[in-house]
Amino acid sequence: MKYAIVDYRISKEEEDSLKSLNFNLLKVPKSTKVYDAISGHPDIQLHMLDNYNIVVNKDMDNNFIDRLKRLNFNLHFSKDSLDEKYPKDIILNGASFGEYFIHNLNYTDSTLLQMMDNKIKIHVNQGYTKCSTAIVSSSAIITSDPSIVSSLKNTNLNILHIPYGDIILQGMNYGFIGGCCGLLDKNTLGFFGDLNSYAYGKEILDFLSSQNINYLSLKKGKLADRGSIFTFYR
C-alpha cells in the first residue's frame, strides 16, 4: 500500500488527487508550538529517514504517533521541542537525499544529526532547508536559496536555482519550492499546484525533463506551500 504524509489543511482537490493515485493519507496534526502558517507542515514536525525510520518532534500528537507505530515505523524522537521562535522551529527541517544531508548544522536537533552520521553533512546558512529544497532525485534538487547553491558548488549535484516568490503560503508573503511538492515515486514529482501557472514553471519543467523525472499537478492554479509531501510503502 502507498502512503503520503501531508499537512492536515490540504484542500479537498489535493486530497482527492492523492487518493486517486491510491495513496492513503496521514495528516500531520496542528502543532501549537510553531506559528500557524507552518503548524501542520510535515517537514517541520518530522524527518523521514527511510521507508521504516522516522524522526518526529518529541511533542507530536499521540494519536499520530500511534498510527506511525501501527505502520511499523521505528520512531526516533527529537531531543528538543519545537518553538515558534527561529531557530527552534527548524530543528528537523534538514534535507536528506542520496549521500547528502544539508542543513544549518548549528541548529539541527541532535537526534537527527546523529542519524545522519552515514551521510555527507553540509552546512548551509538557510535553516528552512527542506522548505527551500525540492528533492528531484538522489543527485538533483531545485532551490531558491543562494546559500544552498553556494554550499553545494563543489558537489556533483544537478541544481536548478530559481528566484523567490509566486508561491502561496497563507499568512506569509510567499512560500518555498520544497514545501509545495514531493516525490510520489522515484520518477514522479507531485506539486500542490500547476507549474504552468507558476512564474518559473518552464524552467522547472525543462529541468525535470533533463533529469527524466515526470511532473504531476495535484491541484489547479498557483503553487501552494503545504510543507513537503513524504511518501512510503507498506
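An account of the accompanying structure is given in this report. (Residues numbered from 1 in each chain as written. Predicted model: local features only at pLDDT ≥ 70, side-chain atom pairs only at ≥ 80, totals over all residues. Heavy atoms only, no water.)

A cis amide bond links Y86 to the next residue, P87, at an omega of 10°. Positionally, P87 belongs in the loop between β5 (74-77) and β6 (95-97). For N212, which is not a glycine, the phi torsion comes out positive at approximately 60°. Positionally, N212 belongs in the loop between α6 (201-210) and β14 (214-217). (Helix = DSSP H or I, 4+ residues; strand = E, 2+ residues; numbered from the N terminus.)

So, on to the packing of aromatic side chains. To describe a pair of aromatic rings, one takes the distance between the centres and the angle between the planes. Scanning all chains against the criterion turns up 10 aromatic pairs. Both rings, one in F73 and one in F232, keep their centres 4.8 Å apart while their planes meet at 75°; by these two values the pair is edge-to-face. Here F232 lies in strand β15 (residues 230-233) and F73 lies in the loop between α3 (62-70) and β5, a separation of 159 residues in the sequence. The class of F73 is buried, set by a relative accessible area of 7%. Note on Y164 and Y174: the rings are 5.8 Å apart at their centroids and 40° apart in plane angle, and the pair reads as tilted. With Y164 in the loop between β11 (158-161) and β12 (181-185) and Y174 in the loop between β11 and β12, this pair connects stretches of sequence that are 10 residues apart. (Phe/Tyr/Trp six-rings, centres within 6.5 Å; stacked < 30°, edge-to-face > 60°. Buried < 20%, exposed > 50% of the residue type's maximum accessible area, 1.4 Å probe, protein only.)

In short, geometric facts, not functional conclusions.
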